[in-house]
Amino acid sequence: MATGLVHFDDPCFSWTESVAEAVSENTNRLVRWRGIDIVQKPTGWTPRDPKEDLRQLSSPLFLPEDQADTIRDAQARSQAGLPAQDWPNLVRATAHMTSQAAGLSSPEPDNIGGIWEAEAYLDTGLADVWTQERLAKVWPKTESGKFLPAHDLPDFTFSGRDPAAASAARALLTEVVRQQGGTPARSEDFAALSDWMLSVKADQRWPEVIALLPGTDELSEGERWRAVGALRRDFSAAVEQGKPELAADSVRTVAEKVDPLLRRLTQDPALTPLSPGRTQDSAGASVRPQRPGGHDVRRNPRSDRGSDGRR
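Residues numbered from 1 in each chain as written. Predicted model: local features only at pLDDT ≥ 70, side-chain atom pairs only at ≥ 80, totals over all residues. Heavy atoms only, no water.

1. Brief notes about the overall build of the chain
Logical step 1: Each helix and strand counted, the chain has 11 helices and three strands in total.
Logical step 2: The linear arrangement of helices and strands in the chain, starting from the amino end, is β-α-β-α-β-α-α-α-α-α-α-α-α-α.
Logical step 3: Buried residues in the chain amount to 47% of all 311 residues.
Logical step 4: When the accessible surface of the chain is summed, it comes to about 14600 Å², and 51% of that surface belongs to carbon and sulfur atoms. (Helix = DSSP H or I, 4+ residues; strand = E, 2+ residues; numbered from the N terminus. Buried < 20%, exposed > 50% of the residue type's maximum accessible area, 1.4 Å probe, protein only. Areas by Shrake-Rupley, 256 points an atom, 1.4 Å probe, with all protein chains shown as cover.)

See below:
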């Protein structure tokens with residue numbers, strides 16, 4: 001089939017529907033796809049500008065030609081009672097489509113502004129991480145599971161639609177978990193955090209990342225917005241330079257800004273409460289105050305999900 005729209009009678013169509021439905025069921029969110037637009041692209045095709053997906057109410061789903069041919073061959077073999085033959089490409093095709101659908105499960109932003117490259121990188125990276133962690137669970141619910149059962153697959157390895165964005169998103173999530181005291185990050189952490197962040201509008205994710213870090217409610221409004229700007233810039237640099245550690249370093253820098261503020265609160269005599277019957281100059285008058293902000297009840301998507309990452 002030539003490059004262009006996939007027809008309803010093409011095996012790729014029902015297969016794509018099964019993937020989108022499996023993702024929607026797993027996320028409990030509607031995938032922003034109209035259910036009619038599947039576009040076959042040449043093998044080796046570079047995905048379009050991901051910023052387009054962020055601002056569309058619905059988006060086409062794309063399938064490289066070699067992956068489309070793998071799906072058609074798998075269905076033909078299935079009808080003949082035979083398992084799929086090219087399992088590595090079947091995994092790549094299923095993961096590629098799963099990641100697109102996961103990304104389109106996020107809400108459409110109200111107004112993300114004119115420069116949204118960082119948001120697009122993070123959106124793709126989160127969808128790739130989600131797919132890396134959830135593909136084995138999604139697989140049996142798709143037609144791929146009919147072509148080849150999950151237990152017959154050696155692995156579900158998927159580097160991502162954009163491997164650099166996937167690595168940067170994983171590094172960012174790893175550092176968030178570390179700052180929350182959860183070193184090392186586990187599979188369920190990546191599954192839960194990526195799923196939760198995909199449920200947040202793309203233009204609101206950076207402040208939410210900051211809110212996940214202990215003590216960041218001590219930041220002033222100006223410090224908070226400077227931190228948002230730094231996270232955005234550093235994440236883009238991490239993707240474009242292929243250095244995921246830049247994303248982790250940026251999260252760590254934001255967290256480190258909180259420490260001096262907390263030290264000031266605990267060491268400033270003017271902010272230290274007095275014990276009954278003591279004066280400010282009395283020995284032992286200082287009592288270390290409670291850290292404000294109710295950190296023990298801070299929303300944490302790691303804490304209210306099961307091992308599969310769902311609430």
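2. What about the nonpolar core?
Logical step 1: W15, L172, L173, W206 and F235 are the most contacted members of the largest nonpolar core, which has 69 residues in total.
Logical step 2: Looking at this core, the element that brings in the most residues is helix 5 (residues 117-138), giving nine residues.
Logical step 3: The contact partners of L173, leaving out residues within four places of it in the chain, are L126, V129, F190, L193, S194 and M197. (Core = buried A, V, L, I, M, F, W, Y, C linked by side-chain atoms within 4.5 Å. Contact = heavy atoms within 4.5 Å.)

3. Topic: the environment of V176
Logical step 1: Along the chain, V176 falls in helix 7 (residues 163-179).
Logical step 2: A sequence separation of 76 residues divides V176 from R252, and the C-alpha atoms of the two residues are 8.3 Å apart.
Logical step 3: In contact with V176, not counting residues within four places along its chain, are V209, L212, L213 and V251.

4. Concerning the pairing of strand 3 (residues 61-64)
Logical step 1: Burial of strand 3 is two-sided: the residues L61 and L63 facing one way and the residues F62 and P64 facing the other way are all buried.
Logical step 2: Pairing geometry for strand 2 (residues 38-41) and strand 3, over four bridges, is parallel. Residue pairing for strand 3: V39 is matched across the bridge by F62. (Pairing = 2+ DSSP bridges.)

5. So, the side chain of S99
Logical step 1: When you line up the elements, S99 lands in helix 4 (residues 87-103).
Logical step 2: Take S99: its relative accessible area is 0%, and that puts it in the buried class.
Logical step 3: Excluding anything up to four places from it in sequence, S99 contacts A127, D128, T131, F158 and R161.

6. Regarding the packing of helix 3 (residues 65-79) against helix 4
Logical step 1: At a closest axis distance of 9 Å, the pairing of helix 3 and helix 4 adopts a crossing angle of 110°. By the angle between their axes, helix 3 is roughly perpendicular relative to helix 4. In this structure, helix 3 meets helix 4 at a crossing whose hand is left-handed. Residues D66, Q67, T70 and I71 of helix 3 form the contact with helix 4, whose own contacting residues are N89, L90, R92, A93 and H96. (Axes fitted to C-alpha atoms, helices over the stretch in contact; angles between N-to-C directions. Parallel < 35°, antiparallel > 145°, perpendicular 65-115°, else oblique. Left-handed = near helix turned anticlockwise from the far one by under 90°.)

7. Focus: the environment of M197
Logical step 1: Residue placement: M197 occurs in helix 8 (residues 187-198).
Logical step 2: For M197 and L126, which are 71 residues apart along the polypeptide, the C-alpha to C-alpha distance reads 7.6 Å.
Logical step 3: With sequence-adjacent residues up to four places away left out, M197 is seen in contact with L122, L126, L173, R205 and V209.

8. Some details on the confidence of the model for the chain
Logical step 1: Of the residues in the chain, 76% have a pLDDT of 70 or more, and the chain-wide mean is 82.
Logical step 2: Per-element confidence in the chain ranges from a low mean pLDDT of 67 for helix 2 (residues 51-54) to a high of 97 for helix 6 (residues 144-147).
Logical step 3: Every residue in residues 271-299 scores below 50 in pLDDT, and together they form 44 contacts with partners more than four places removed in sequence or on other chains.
Logical step 4: With pLDDT under 50 throughout, residues 303-311 is counted as low confidence; its partners more than four residues away or in other chains account for 19 contacts. (pLDDT = per-residue confidence, 0-100.)

9. Structural notes on the pattern of salt bridges
Logical step 1: Counted according to the given criterion, the structure contains 14 salt bridges.
Logical step 2: Taking the shortest distance from any N to any O, the salt bridge between R34 and D37 comes out at 2.4 Å.
Logical step 3: Of the residues examined, R34 reaches a relative accessible area of 54% and is grouped as exposed.
Logical step 4: Residues joined by salt bridges that share partners form a network here, namely E175, R178, D249 and R252. (Salt bridge = Lys/Arg side-chain N within 4 Å of Asp/Glu carboxyl O.)

10. What about the packing of helix 5 against helix 8?
Logical step 1: One way to put it is that helix 5 packs onto helix 8 with a least axis distance of 9 Å and a crossing angle of 140°. One element, helix 5, and the other, helix 8, form an angle in the oblique class. Our pair here, helix 5 against helix 8, has a crossing hand that is left-handed. On helix 8, the residues touching L122, D123, L126, A127, V129, W130, E133 and R134 of helix 5 are S187, F190, A191, A192, S194, D195, M197 and L198.
Logical step 2: Along the lines of polarity and charge, the residues of the contact of helix 5 with helix 8 split into 10 nonpolar, two polar and four charged. (Nonpolar A, V, L, I, M, F, W, Y, C, P; charged D, E, K, R; others polar.)

11. Focus: the environment of A169
Logical step 1: By the secondary structure assignment, A169 is in helix 7.
Logical step 2: Residues A169 and F235 lie 66 residues apart in sequence; the distance between their C-alpha atoms is 8.2 Å.
Logical step 3: Beyond its immediate sequence surroundings of up to four residues, A169 is in contact with G125, L126, V129 and F235.

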